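Fold and geometry: a report
Below are the chains, spelled out letter by letter.
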Amino acid sequence: MSDVPARLTERRTESGDEAQRLLHAAYGQRFRAVDRPGGGKYRMRRFDADSFAYNEMALPAHLEFTKEPHDSLVVVSVDAGRAQRSSEGEHGRFAAGDVFVGHVPGRPCSGFTTDVYAAAVTLGADLLARAAAIVDPRRGRPLRFTSLTPVDRQRAAHWERLRGHAAGVAELGDEAGPLLIGPLARLLAGTALQVFPNTHVGQEPSRVDTRDTGTSVTARALAYIDAHAHTDIGLADIAAAARVTPRALQYAFRRHLDTTPLSHLRRVRLASVHAELKAADPLRGDTVTRIAARWGFLHPSRFSAVYRAEYGCSPRVTLHG
């Protein structure tokens, strides 16, 4: 992931022309306001983390748009209003509660929104490519999304839960560190591949992925995790260090350690939080929330439950003990 700091910006305006300029800057789309809002305010709140962006929009007007081909994937969640989107003969109409692909990489699109309140997640080409390589390590085919809508309602609901998590990280703004942003970016990309039909999901594991790779693989992976747990690493990074495919690494961990690489990484980071809490001083302003977030644990209640299960007491007791 990039070292560029995350940024949270918010703009409000009653000017349709200004709103069109802001939308064009965010998405590269050409917008045209057909109806001006009757006293309504446009609002755009954007969290930009370089490899992905999270944007919440209130657009109280009828807006038409066109977009030239681009490498990014944009997933839109409609909370109110309605939208229509067309791309190379594929059309979709969407209303409150719907989730859809607003922009497919490499394809032009057009459409409109009417009095819409929506959230949009933009995923960069490199991020998608890394996620696709984990799903299909053979990397022999280009990634292509084949439908605007989710595979089923359950996966749409799963995306919405993840979108809520992304909103929580976005609220932190520039305080969201790489151990929050990096895993979230990879999770968003991987989930998009599971939610929206594409050419990579559903492939059977290859023989090289399923064969017993031996304890040397897990040993290399464990050493890499211990040395790099404080940095933004993911499954692909650990697999590369172990010199196997991500799938092969997952098989090796299940066979020899009865866990997964990322579960072990979380446990190592939890141990680091525990060590920092023991050494911290509340009088210096050290808090459980800040220390936990520094190691990638965002939600205080979930973190407390995990911590208590591992150490038999609350993190607050450790901090003040």
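Residues numbered from 1 in each chain as written. Predicted model: local features only at pLDDT ≥ 70, side-chain atom pairs only at ≥ 80, totals over all residues. Heavy atoms only, no water.

On to the overall build of the protein, then. Each helix and strand in the protein was counted, giving 12 helices and 8 strands. A total of 321 residues make up the protein; the buried ones form 47% of that total. Restricting to contacts in the protein with at least 6 residues of sequence separation, those with at least 24 account for 74%. Surface exposure of the protein reaches about 16000 Å², of which carbon and sulfur atoms provide 50%. (Helix = DSSP H or I, 4+ residues; strand = E, 2+ residues; numbered from the N terminus. Buried < 20%, exposed > 50% of the residue type's maximum accessible area, 1.4 Å probe, protein only. Contact = heavy atoms within 4.5 Å. Areas by Shrake-Rupley, 256 points an atom, 1.4 Å probe, with all protein chains shown as cover.)

Take empty space enclosed by the protein next. Under the criterion given, the structure shown has 2 cavities of 30 Å³ or more. What the second largest cavity holds in volume is close to 40 Å³. Those elements that provide at least two residues to the lining of the second largest cavity are β3 (42-48), β4 (52-67) and α3 (153-171). When its residues are assigned to classes, the lining of the second largest cavity shows 5 nonpolar, no polar and 4 charged. (1 Å grid on protein atoms, 1.4 Å probe; cavity = no way out; pocket = protein on both sides within 12 Å on 5 of 7 lines; lining within 4 Å. Points joined across faces, edges and corners; volume = space filled by probe spheres on them. Nonpolar A, V, L, I, M, F, W, Y, C, P; charged D, E, K, R; others polar.)

Here we take up helix α8 (residues 246-257). Taking 1.5 Å of rise per residue, 12 residues should cover 16 Å, and α8 covers 16 Å from first to last C-alpha, within 8% of that figure. Those residues of α8 that sit buried are P246, R247, A248, L249, A252 and F253. At the C-terminal side of α8, D258 shows a positive phi close to 55°. (Expected span 1.5 Å × (residues − 1).)

Put simply, the largest pocket is a space of about 1600 Å³. Forming the walls of the largest pocket are 47 residues, and the residues nearest its centre are P183, R186, L187, L262 and R266. For the lining of the largest pocket, the secondary structure elements donating two or more residues are α2 (125-135), α3, α4 (178-195), α7 (235-242), α8, α9 (261-279) and α11 (300-311). Take the lining of the largest pocket: its biggest share by element is 9 residues, from α4.

The next point concerns the nonpolar core. Grouped together as the largest cluster of nonpolar side chains are 38 residues, with contacts concentrated most on F47, F52, Y54, L73, L123, W159 and L188. Elements that contribute at least two residues to this core include exactly β4, β5 (73-87), β7 (99-103), β8 (109-123), α2, α3 and α4. For W159, the contacting residues outside a window of four places in its chain are V75, S77, V99, V121, L188, T191, A192 and V195. (Core = buried A, V, L, I, M, F, W, Y, C linked by side-chain atoms within 4.5 Å.)

This part is about the pattern of salt bridges. This model, assessed by the stated rule, comprises 16 salt bridges. Put simply, R43 and E10 hold a salt bridge, and the shortest N to O gap is 2.9 Å. With a gap of 33 residues between them, R43 in strand β3 and E10 in strand β1 (residues 7-13) connect regions that are remote in the sequence. On the accessibility criterion, R43 (16% relative accessible area) is buried. Where D286 meets R284, a salt bridge forms, and the shortest distance between an N and an O atom there is 3.0 Å. Taken together, the shared-partner salt bridges in this structure form one network comprising E10, R12, R43, R45 and E171. (Salt bridge = Lys/Arg side-chain N within 4 Å of Asp/Glu carboxyl O.)

Further remarks concern the environment of H230. By secondary structure assignment, the location of H230 is in the loop between α6 (215-228) and α7. For the pair formed by H230 and P178, sequence separation is 52 residues and the distance between their alpha carbons is 9.5 Å. Excluding residues within four positions of it along the chain, H230 makes contact with L179 and W295.

Turning next to the side chain of N198. Tracing the chain through its elements places N198 in the loop between α4 and α5 (207-210). N198 sits in the buried class, given a relative accessible area of 11%. Of note is the side chain of N198, whose polar atom sits 2.7 Å from the backbone oxygen of L193. Within the structure, the side chain of N198 is placed 2.8 Å from the backbone nitrogen of H200, a separation counted as a polar contact. Once you skip the residues sitting within four places of it in the chain, N198 turns out to touch L143, R144, F145, T146 and L193. (Polar contact = N/O pair within 3.5 Å; in protein donor to acceptor, adjacent residues only side chain to side chain.)

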